[in-house]
Amino acid sequence: MRRVVCPGSFDPVTNGHLDIIGRASRLYDEVVVAVLINLEKKSLFTVEERIEMLQAVTKEYGNVRVDKFHGLLVDYCKQHEIAAIVKGLRAISDFDYELQMAQLNYRMSGVETLFMSTNPEFSFLSSSRIKEITRYGGDVSGLVPDLVHRLLVERLRG
C-alpha cells in the first residue's frame, strides 16, 4: 500500500489544504492528514476540534484518514510505515523552508518529501490570514469549507 502523510497544524483547515489533500488522495492508496500537537503555540481550535473539522471536510475521500502527532514527523512516519510526506508550496519563500526540512528529514530517516504546487486560486491563503480577516469582520467564505467558516465566525466574533 502506498501511503503518504500531509502534516500541519490546520488551525483552521483552508481550501488550499483541501486542494493538496484531495490531489494527494488521487495519487496514493492512503493519505494520513496528521495534525501537529504543538503545546507551545496558542491555537484557536483544540487538536480535537481540528481533527473533527478535518474528518468532516475530507469524508468524501475514502482513502483519507486524520490523526494527530507530536514530536518529529519522521518518527511518526516510521511508526506508521509511511514512506513520504506531501507538502504544498505557495511561494518561493515556502520552498526555502520546506527544502531544508525535507533534506533534514531524509537525512534522519530516509523519508522522502514530495512538493505539490498550490493551485493559484489558493496561493495567497494561510490559516493565520484567514483568522485575522475573520476576526476583523472580513468575508472568508469560499476560502475555507462552509463548516470551518461557521466555526470561525462563532469563535472569533462570538
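Residues numbered from 1 in each chain as written. Predicted model: local features only at pLDDT ≥ 70, side-chain atom pairs only at ≥ 80, totals over all residues. Heavy atoms only, no water.

The name given to the protein chain in an unreviewed UniProt entry is Phosphopantetheine adenylyltransferase, with the source organism recorded as Spongiactinospora rosea. The Subcellular location (unreviewed entry) comment attached to the protein chain in UniProt states, word for word, "Cytoplasm". (UniProt positions renumbered as here; feature names shortened; annotations may be inferred.)

**Student:** Can you help me understand the environment of P145 in this one?
**Tutor:** Residue position: P145 is located in the loop between α5 (127-135) and α6 (146-157). Look at P145 and you get buried, because its relative accessible area is 12%. With 115 residues separating them along the chain, P145 and E30 place their C-alpha atoms 22 Å apart. With residues up to four places along the chain from it excluded, the contact list for P145 reads V13, T14, N15, L18 and V57. (Helix = DSSP H or I, 4+ residues; strand = E, 2+ residues; numbered from the N terminus. Buried < 20%, exposed > 50% of the residue type's maximum accessible area, 1.4 Å probe, protein only. Contact = heavy atoms within 4.5 Å.)

**Student:** I tried to follow the UniProt feature "binding site: substrate" (unreviewed entry) in the protein chain on my own but got confused; where do I start?
**Tutor:** Annotation from UniProt places "binding site: substrate" (unreviewed entry) at S9, K41, L73 and K87. Along the chain, L73 turns up in helix α3 (residues 73-79). Residue class for L73 comes out buried when judged on its relative accessible area of 14%. Not counting the four nearest positions on each side in its chain, L73 is found in contact with V5, P7 and I85. By the secondary structure assignment, K87 is in strand β4 (residues 84-89). Taking the relative accessible area as the measure of exposure, K87 reaches 19% and is therefore buried. Sequence-distant contacts of K87, that is, excluding residues within four places in its chain, are made with P7, E98, T113, L114, F115 and M116. Only 3.5 Å separates the side chain of K87 from the side chain of E98, close enough to count as a polar contact. (Polar contact = N/O pair within 3.5 Å; in protein donor to acceptor, adjacent residues only side chain to side chain.)

**Student:** Just checking my understanding: could you explain α5 for this structure?
**Tutor:** The periodicity of an α-helix, 3.6 residues per turn, causes residues three or four positions apart to be oriented the same way. Looking at α5, one finds that the buried residues are S127, I130, K131 and T134. Buried residues of α5 fall within an arc of 95° about the axis and therefore sit on the same side. Of the surrounding secondary structure, the elements contacted by the buried residues of α5 are α1 (15-27) and α6. At the exit of α5 stands G137, carrying a positive phi of roughly 90°. (Arc of directions from axis to C-beta.)

**Student:** What exactly am I supposed to notice about unusual backbone geometry here?
**Tutor:** For residues that are not glycine, phi is negative in most cases, and the peptide bond is trans in most cases. A cis amide bond links D11 with the next residue in sequence, P12, at an omega value of 5°. Along the chain, P12 turns up in the loop between β1 (3-8) and α1. Residue F10 is not a glycine yet carries a positive backbone phi of 50°. As for its position among the elements, F10 is in the loop between β1 and α1. One non-glycine residue, E81, lies in the positive phi region at around 55°. Summarising the element assignment, E81 is placed in the loop between α3 and β4. For E81, a relative accessible area of 70% gives the class exposed.

**Student:** It is not clear to me how the packing of α5 against α6 should be interpreted in this structure. Could you clarify?
**Tutor:** Packed helices, taken two at a time, are described by the angle their axes make and the gap between the axes. Closest axis-to-axis distance for the α5/α6 pair is 9 Å, and the angle between their directions is 60°. Taken together, the axes of α5 and α6 lie oblique to each other. Between α5 and α6 the crossing geometry is right-handed. Contacts between α5 and α6 involve I130, K131, T134 and R135 from the former and L152, V153, L156 and R157 from the latter. Here the residues of the contact of α5 with α6 sort into four nonpolar, one polar and three charged. (Axes fitted to C-alpha atoms, helices over the stretch in contact; angles between N-to-C directions. Parallel < 35°, antiparallel > 145°, perpendicular 65-115°, else oblique. Left-handed = near helix turned anticlockwise from the far one by under 90°. Nonpolar A, V, L, I, M, F, W, Y, C, P; charged D, E, K, R; others polar.)

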